[in-house]
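Residue-level listing of the chains:
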Amino acid sequence: MATRQQGEALVAAITSDHREVEVLFEELAAGGDPEHRRTLADQAIMMLVRHAVAEEHYVYPMAKARVEATLTDQLIAEHSEAEKVMKDLEGLDPGDSRFDQLLETLMTEVREHMRHEEQELLPRLVERFTSEQLTQMTAGFLQSRGHTSPTRPHPMAPDTPPLNLLADYGVGLVDRLRDRLTHRGEPGGSGLEGTGTEGTGKS
């Protein structure tokens, strides 16, 4: 029973991020004010990068030991591909024709990645790890999604633990999307400060 409960906690932590990203994707797909869509894209990128970093630090390394290495390698490669798209999308004017093209590519790739995790990875983690190990993964994942995680994509950084841990945390000190989101709260901005978006949970 304990193992099942801890497994449910890990699944809930990861899939909660997935659902939040999907809400942002649906709102982006609906169109609307260009500046608002740029803000939504920034929020989605910030969430995806934090989510991916948390997984690569605390979930994938343990998963690789007891789940097929090819699956975890595939998931890491999917992170890398999505980060390349996010890097191209970041800062792009919503009026640019590439904005919607890249956004569509990102949504397709991320949705496929989330499907792989939810249908293939998470059930195997719950099945193959002890209660203590699942608790460790959940705690590490949630902690990594905090304020110390980077919020911008860095496709040239190493994707293989533990090298990616050092690279990701280094860049996270100096280049956070929350800076731009906060500035929009100043006079003439979009008023995002105080909404909690700066602490929203990558890839």
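Residues numbered from 1 in each chain as written. Predicted model: local features only at pLDDT ≥ 70, side-chain atom pairs only at ≥ 80, totals over all residues. Heavy atoms only, no water.

Below, the discussion takes up the overall build of the chain. In terms of regular secondary structure, the chain is built from eight helices and zero strands. Ordered by position in the sequence, the α and β elements of the chain form the string α-α-α-α-α-α-α-α. Expressed as a percentage of the 203 residues in the chain, the buried residues total 49%. As presented, the chain carries roughly 9,400 Å² of accessible surface, and 55% of it is formed by carbon and sulfur atoms. (Helix = DSSP H or I, 4+ residues; strand = E, 2+ residues; numbered from the N terminus. Buried < 20%, exposed > 50% of the residue type's maximum accessible area, 1.4 Å probe, protein only. Areas by Shrake-Rupley, 256 points an atom, 1.4 Å probe, with all protein chains shown as cover.)

Judged by nonpolar contacts, the single largest core of 24 residues is most densely connected at Phe25, Leu48, Met86, Leu89, Leu106 and Val110. Elements supplying a minimum of two residues to this core: helix H1 (2–29), helix H2 (34–58), helix H4 (69–89) and helix H5 (97–128). Ranked by size, the runner-up nonpolar core spans 19 residues in total, among them Ile14, Met62, Leu121 and Met137. (Core = buried A, V, L, I, M, F, W, Y, C linked by side-chain atoms within 4.5 Å.)

Scanning the model with the defined rule gives 11 salt bridges in all. A salt bridge links Glu68 to Arg128, with the nearest nitrogen and oxygen atoms 3.7 Å apart. Of this pair, Glu68 sits in the loop between helix H3 (60–66) and H4 while Arg128 sits in helix H5, and the two are 60 residues apart along the sequence. Judged by its relative accessible area of 36%, Glu68 is partly exposed. Arg115 is paired through a salt bridge with Glu112; the nearest N and O atoms lie 2.7 Å apart. Of the two residues, Arg115 and Glu112 are both situated in helix H5; the distance of three residues between them amounts to about one turn of the helix. Here the residues in one salt-bridge network are Glu68, Arg124, Glu127 and Arg128, joined through shared partners. (Salt bridge = Lys/Arg side-chain N within 4 Å of Asp/Glu carboxyl O.)

Turning our eyes to something else, we now look at the confidence of the model for the chain. Interpretation of the predicted coordinates at a detailed level should be avoided for regions scoring low in pLDDT. In this model, the chain carries a mean pLDDT of 78, and residues with pLDDT of at least 70 account for 70%. Per-residue pLDDT, averaged within each element of the chain, yields its smallest value for helix H7 (residues 163–172) (41) and its largest for H5 (96). Across residues 160–178 the pLDDT falls below 50, and counting only partners more than four positions away or on other chains, this stretch makes 42 contacts in the model. Here residues 187–203 is a poorly scored stretch, pLDDT under 50, and it has 50 contacts once near neighbours within four places are set aside; other chains count. (pLDDT = per-residue confidence, 0-100. Contact = heavy atoms within 4.5 Å.)

Between H2 and H5, the least distance of the axes is 13 Å, while the angle of their chain directions is 35 degrees. The two elements H2 and H5 cross, and the hand of that crossing is left-handed. Note on element contacts: H5 touches H2 through Phe99, Asp100, Leu103, Leu106, Val110, His113 and Glu117, opposite Arg37, Arg38, Ala41, Leu48, His51 and Glu55. Residues belonging to the contact of H2 with H5 are distributed by class as follows: six nonpolar, two polar and five charged. (Axes fitted to C-alpha atoms, helices over the stretch in contact; angles between N-to-C directions. Left-handed = near helix turned anticlockwise from the far one by under 90°. Nonpolar A, V, L, I, M, F, W, Y, C, P; charged D, E, K, R; others polar.)

The next thing to look at is the packing of H4 against H5. H5 packs onto H4 with a crossing angle of 160 degrees between their chain directions and a minimal axis gap of 10 Å. Regarding the angle of H4 to H5, the classification is roughly antiparallel. Both H4 and H5 take part in a crossing whose hand is left-handed. Each residue belonging to the contact of H4 with H5 can be placed in one class, and the counts come to 12 nonpolar, five polar and seven charged. (Parallel < 35°, antiparallel > 145°, perpendicular 65-115°, else oblique.)

A rise of 1.5 Å per residue sets the reference length of H4, with its 21 residues, at 30 Å; its end C-alpha atoms lie 30 Å apart and thus fit the reference within 8%. Among the residues making up H4, those that are buried are Leu71, Thr72, Leu75, Ile76, Glu78, His79, Ser80, Ala82, Glu83, Val85, Met86 and Leu89. Taken together, the buried residues of H4 touch H2, H3 and H5. The positive-phi residue at the C-terminal boundary of H4 is Gly91, with phi of around 80 degrees. (Expected span 1.5 Å × (residues − 1).)

What follows concerns the environment of Gln6. Turning to its location among the elements, Gln6 is positioned in helix H1. In sequence terms Gln6 and Leu134 are 128 residues apart; their C-alpha atoms lie 5.8 Å from each other. Residue contacts for Gln6: discarding those within four places in its chain leaves Ser131, Leu134, Thr135 and Thr138.

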